[in-house]
Amino acid sequence: MNPWIIAGFCLVGSGFIGWGSARLKLRWPLMVLALLLMAIAFQLLFAARGRDGFHDLAAIVAQAFTVLPALLGMAVGLAIAHIRRHKVRWRQGAGLVTAVAFVLALGAAAATFLI
């Protein structure tokens, strides 16, 4: 399958989850999405880092075509919700976990490309 199609689905899907959870004032879908993206980003980082001098280059491609578009879609979905006055409460526990997981996923994705 074409990786650009996969990237598009990741972008649109996570954007819809971000916008929809802000619109409906649901905290758990956004938190679950951020935690899953963090777990996937770290797994792909460790795979790209490799062992004994062998690096998995497919993990770098997977990071570029799945995690990065999903993070971008989540940010765009939340931005659209914010523009339409649907705010997310970041100061509560679920909001804090979501924000930390999002930042860690972004850091792991960036670190993958620095290998």
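Residues numbered from 1 in each chain as written. Predicted model: local features only at pLDDT ≥ 70, side-chain atom pairs only at ≥ 80, totals over all residues. Heavy atoms only, no water.

Peer 1: For the overall build of the protein chain, give the residues involved together with the corresponding values.
Peer 2: For the protein chain, the count of helices and strands is 4 helices and 0 strands. Reading the protein chain from its N terminus to its C terminus gives the helix and strand order α-α-α-α. The C-alpha atoms of the protein chain give a radius of gyration of 15 Å, which matches the 13 Å a tight globule of 115 residues would have. Based on the C-alpha atoms only, the size of the protein chain along its principal axes is roughly 50 × 30 × 20 Å. Looking at the 115 residues of the protein chain, the share that counts as buried comes to 31%. When contacts within the protein chain are restricted to residue pairs at least 6 apart in sequence, long-range pairs at least 24 apart make up 76% of them. Surface accessibility of the protein chain: about 7,200 Å² in total, with carbon and sulfur atoms responsible for 73%. (Helix = DSSP H or I, 4+ residues; strand = E, 2+ residues; numbered from the N terminus. Rg over C-alpha atoms; globule rule 2.2 N^0.38 Å. Buried < 20%, exposed > 50% of the residue type's maximum accessible area, 1.4 Å probe, protein only. Contact = heavy atoms within 4.5 Å. Areas by Shrake-Rupley, 256 points an atom, 1.4 Å probe, with all protein chains shown as cover.)

Peer 1: Describe the nonpolar core, with residues and values.
Peer 2: Ranked by size, the top nonpolar core spans 20 residues in total, and within it Leu 37, Ala 41, Val 67, Leu 71, Met 74, Leu 78 and Ala 105 carry the most contacts. Top element by residues in this core is helix H2 (residues 28–49). It accounts for 8 residues. Here Ala 105 is in contact with Leu 37, Met 38, Ala 41 and Leu 71, once residues within four sequence places are set aside. (Core = buried A, V, L, I, M, F, W, Y, C linked by side-chain atoms within 4.5 Å.)

Peer 1: Account for helix H4 (residues 93–113), with residues named and values stated.
Peer 2: Compared with the 30 Å implied by 1.5 Å per residue over 21 residues, the 31 Å span of H4 between its first and last C-alpha is a close match. Among the residues of H4, Gly 95, Thr 98, Ala 101, Ala 105, Ala 108, Ala 109 and Thr 112 are the ones counted as buried. Taken down its axis, H4 places every buried residue within 160 degrees of arc, on the same side. Along H4, the residues that are exposed and aim more than 90 degrees away from the buried face are Leu 96 and Val 103. At its buried positions, H4 is contacted by H2 and helix H3 (57–83). (Expected span 1.5 Å × (residues − 1). Arc of directions from axis to C-beta.)

Peer 1: How would you explain a nonpolar patch on the surface if you had to name every residue and give the values?
Peer 2: Together, Leu 24, Leu 26, Trp 28, Val 32, Leu 36 and Ile 40 line one region of the surface with nonpolar side chains, adding up to about 590 Å² of accessible area. With respect to the helices and strands, the residue Ile 40 is situated in helix H2. (Patch = residues over 30% accessible without salt bridge, like charges linked within 9 Å, V, L, I, M, F, W, Y side chains within 5 Å. Salt bridge = Lys/Arg side-chain N within 4 Å of Asp/Glu carboxyl O.)

Peer 1: Lay out the packing of H2 against H3 in plain terms, naming residues and giving numbers.
Peer 2: For the pair H2 and H3, the least separation of the axes is 10 Å and the interaxial angle reads 155 degrees. In terms of orientation, H2 and H3 fall into the roughly antiparallel class. In the packing of H2 onto H3, the handedness of the crossing is left-handed. Of H3, the residues touching H2 (which contributes Leu 30, Leu 33, Ala 34, Leu 37, Ile 40, Ala 41, Leu 44, Leu 45, Ala 47 and Ala 48) are Ala 59, Ile 60, Ala 62, Gln 63, Thr 66, Val 67, Ala 70, Leu 71, Met 74 and Leu 78. Across the contact of H2 with H3, the residue classes break down as 18 nonpolar, 2 polar and no charged. (Axes fitted to C-alpha atoms, helices over the stretch in contact; angles between N-to-C directions. Parallel < 35°, antiparallel > 145°, perpendicular 65-115°, else oblique. Left-handed = near helix turned anticlockwise from the far one by under 90°. Nonpolar A, V, L, I, M, F, W, Y, C, P; charged D, E, K, R; others polar.)

None of this, on its own, says anything about what the molecule does.
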